[in-house]
Amino acid sequence: MQMLRLYASNCAGKIKAAVETASRLQSTASGAAGHKFQTKEDKKEGTTYISMEKVTDSRGARKDDELCSLCTCNVPIKLTYKDVLILEQFMRDDGTVLPRQLTGLCKKQQLRMERCVMQAFWSGLFGDKYGTEADRAGYKRFNRYWKDDMSMYQLETKQRHGTWFYIKRYPTKNQQLFKNPLN
Amino acid sequence: MSYRRAVSRFDRVNQWLQFSRQWHVIDANQQDAELLGDKVARYLAGKHKPIFHPETDCGDHVVVTNCKDIAMHAFDWKHTIYKFNMEYPKSKADIPAWQIHDYDQCRIAFLSVYRSLGNNLLRRRHIQRLHLFPDEEMAEFVRKNIGSQLRQVQGVVKRSDEYTAEERANFPRVVKFADKHVVDWEKSIPNPGRHVKPVPGQKDK
């Protein structure tokens, strides 16, 4: 048990965050199976007491005989990038994906879920929920879709014949398309 | 008198619509460019009619709205190269699709339909009946002529912020944690910021 006493509530948030970070690093470094710390606050007569209580989480590392959430059905579930309500259950509040120890998925489903989250981000399906720092420059701001979760690795260049009929029919003389405009 | 009527009134109207030029409207929001072009080209050429013949020009008009929201698969926006070549000096240009879409929001839809119509003599005549609009605003005479709506070629994906709180709460949980699960553990560590080395001589600044 670690007991800290604070007299002012201004710096309580900062010290609380620092203590949480330190306890998380400690529990990660010690390699304990599922030992975590939970913050507890008590306020008595203007004094805030913050203590870290050890919590034994029943879910430790994932066992091999444990069924994953997406393989329990007899009907095979194929996760796609459109299932944003399912994908958000595997994500943190800043848009990153939870590890396998917490999600309980098998390795195949975990990798597929991570690919679907990437595709949903690229398609802009999360909007501004996880911040506006996503790269939307160039071609990335136009609408995109994905046939399956392995589409991001199947790359090919398509050659299309460009026609001048549109340019002749809808003249765009006021706008420069090429360096030496012919229309 | 019913035994004398060979064709009912409904069939008669359908027969009139068969031989006249209808105006269809289709929404291009999140529709694949090539699949949309194939469908629109069928209606422009009149291949959906039983009276179709290659020399019979029985195509309908098609109005495509929301052309700026057209979609492409995966990385096709930068991997689809449109080759312009008139065999004159300085007329060759290989432009990726996203640059064309950046410049003109209706041209990608036009190029897809033009490609799907095939290389034949009637292509220029068929493409005259294509009406493209970047969003849902259109000319009034076009709106008055529209009499039919085409089904979209693929579904429109719903975004995450378009779900209401009730739909989100009613959705079943896939991940189930233990009873003593600590939710704070999944929260992100706040960024402590970059370390700034203190100036020599001044320790705490």
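Residues numbered from 1 in each chain as written. Chains lettered and ligands numbered in written order. Predicted model: local features only at pLDDT ≥ 70, side-chain atom pairs only at ≥ 80, totals over all residues. Heavy atoms only, no water.

A. Here's a closer look at the overall build of chain B. The secondary structure content of chain B amounts to eight helices and seven strands. A buried classification covers 39% of the 205 residues belonging to chain B. Of the contacts formed within chain B by residues at least 6 apart in sequence, a portion of 68% connects residues at least 24 apart. (Helix = DSSP H or I, 4+ residues; strand = E, 2+ residues; numbered from the N terminus. Buried < 20%, exposed > 50% of the residue type's maximum accessible area, 1.4 Å probe, protein only. Contact = heavy atoms within 4.5 Å.)

B. Structural detail: the environment of A:Gln110. Position of A:Gln110 relative to the elements: it lies in helix α4 (residues 107-123). In sequence terms A:Gln110 and A:Pro99 are 11 residues apart; their C-alpha atoms lie 8.4 Å from each other.

C. Inspection of the packing of aromatic side chains at higher detail. All names here are of chain A. As enumerated under the stated definition, the model contains 11 aromatic pairs over all chains in all. A centroid spacing of 5.5 Å and a plane angle of 40° characterise the contact between tryptophan 122 and tryptophan 146, whose relative ring orientation is tilted. Taken together, the positions of tryptophan 122 in helix α4 and tryptophan 146 in the loop between β4 (143-145) and β5 (158-161) put the pair 24 residues apart, joining distant regions of the chain. Given a relative accessible area of 4%, tryptophan 146 falls into the buried group. (Phe/Tyr/Trp six-rings, centres within 6.5 Å; stacked < 30°, edge-to-face > 60°.)

D. Focus on the sheet that holds strand β6 (residues 130-132) of chain B. Residue and element names in this part refer to chain B. Pairing is parallel in the open sheet, where four strands are placed in the order β6-β2-β1-β7. Both outer strands of the open sheet, β6 and β7 (148-149), are each paired with one neighbouring strand and no more. Where strand β1 (residues 23-27) meets strand β2 (residues 61-65), five bridges bridge the pair, whose relative direction is parallel. When the sheet's bridge partners are listed, tryptophan 23 is paired in β2 with histidine 61. Where helix α2 (residues 33-45) meets the sheet, it contacts β1, β2 and β6, and its direction lies at approximately 155° from that of β2. (Pairing = 2+ DSSP bridges. Axes fitted to C-alpha atoms, helices over the stretch in contact; angles between N-to-C directions.)

E. Broad picture of α4(A). Residue and element names in this part refer to chain A. When the terminal C-alpha atoms of α4 are compared, their 24 Å separation across 17 residues agrees well with the 24 Å that a helix rising 1.5 Å per residue should span. Those residues of α4 not exposed but buried are Gln109, Gln110, Arg112, Met113, Arg115, Cys116, Val117, Gln119, Ala120 and Ser123. At its buried positions, α4 is contacted by α2 (84-87), α3 (100-103) and β4. One or two steps after α4, the chain reaches glycine 124, where phi turns positive at roughly 75°. (Expected span 1.5 Å × (residues − 1).)

F. Expanded view of the sheet that holds strand β4 (residues 80-84) of chain B. One open sheet accounts for three strands, arranged β5(A)-β4(B)-β5(B); its pairing is mixed. In the strand order of this sheet, the two ends are held by β5 of chain A together with β5 (93-96) of chain B, each with one partner. On average, each strand axis in the sheet is tilted by 30° relative to the strand beside it, whichever way the strands run.

G. Summary view of the environment of B:Asp57. Residues and elements named next belong to chain B. Note on placement: aspartate 57 falls in the loop between α2 and β2. Along the chain, aspartate 57 and arginine 125 lie 68 residues apart, while their C-alpha atoms are 8.7 Å from each other. Once residues lying within four places of it in the same chain are set aside, the contact partners of aspartate 57 are Arg21, Arg125, His126 and Arg129. One polar contact links aspartate 57 to histidine 126, side chain to side chain, over a distance of 3.5 Å. For aspartate 57, the side chain forms a polar contact with the side chain of arginine 129, separated by 2.8 Å. (Polar contact = N/O pair within 3.5 Å; in protein donor to acceptor, adjacent residues only side chain to side chain.)

H. Examining the pattern of salt bridges more closely. For the structure on display, the rule yields 13 salt bridges over all chains. With a shortest N-O distance of 2.5 Å, A:Arg160 and B:Glu34 are connected by a salt bridge. Separated into two different chains, A:Arg160 in strand β5 and B:Glu34 in helix α2 make up a pair that spans both. Note that B:Asp69 and B:Lys68 form a salt bridge whose closest N and O atoms lie 3.3 Å from each other. Residue class for B:Lys68 comes out partly exposed when judged on its relative accessible area of 33%. By sharing partners, the salt bridges in this structure join A:Arg112, A:Arg115 and A:Asp149 into a single network. (Salt bridge = Lys/Arg side-chain N within 4 Å of Asp/Glu carboxyl O.)

I. Spotlight on the layout of surface pockets. Here the largest pocket is characterised by a volume of approximately 670 Å³. Around the largest pocket sit 35 residues that line it, and A:Ser123, A:Gly124, A:Leu125, A:Arg136 and B:Arg159 are the ones nearest its centre. Mapped by element, the contributors of at least two residues to the lining of the largest pocket are α4 and β4 of chain A. No other element matches the three residues that β4(A) contributes to the lining of the largest pocket. Across the lining of the largest pocket, the residue classes tally to 12 nonpolar, 11 polar and 12 charged. (1 Å grid on protein atoms, 1.4 Å probe; cavity = no way out; pocket = protein on both sides within 12 Å on 5 of 7 lines; lining within 4 Å. Points joined across faces, edges and corners; volume = space filled by probe spheres on them. Nonpolar A, V, L, I, M, F, W, Y, C, P; charged D, E, K, R; others polar.)

J. Just the side chain of A:Glu88, in detail. Within the secondary structure, A:Glu88 is located in the loop between α2 and α3. Residue classification places A:Glu88 among the buried positions, given a relative accessible area of 11%. Not counting the four nearest positions on each side in its chain, A:Glu88 is found in contact with A:Phe126, A:Lys129, A:Tyr130, B:Ser160 and B:Arg168.

K. Quick peek at a nonpolar patch on the surface. A surface patch of nonpolar side chains, about 290 Å² in accessible area, is lined by A:Met118, A:Met150 and A:Tyr153. Structurally, A:Met150 can be placed in the loop between β4 and β5. (Patch = residues over 30% accessible without salt bridge, like charges linked within 9 Å, V, L, I, M, F, W, Y side chains within 5 Å. Areas by Shrake-Rupley, 256 points an atom, 1.4 Å probe, with all protein chains shown as cover.)

L. View of the confidence of the model for chain B. In the predicted model, chain B carries a mean pLDDT of 84, and 89% of its residues have values of at least 70. Here helix α1 (residues 9-19) of chain B is the element of chain B with the lowest mean pLDDT, 83, and β2(B) is the one with the highest, 93. (pLDDT = per-residue confidence, 0-100.)

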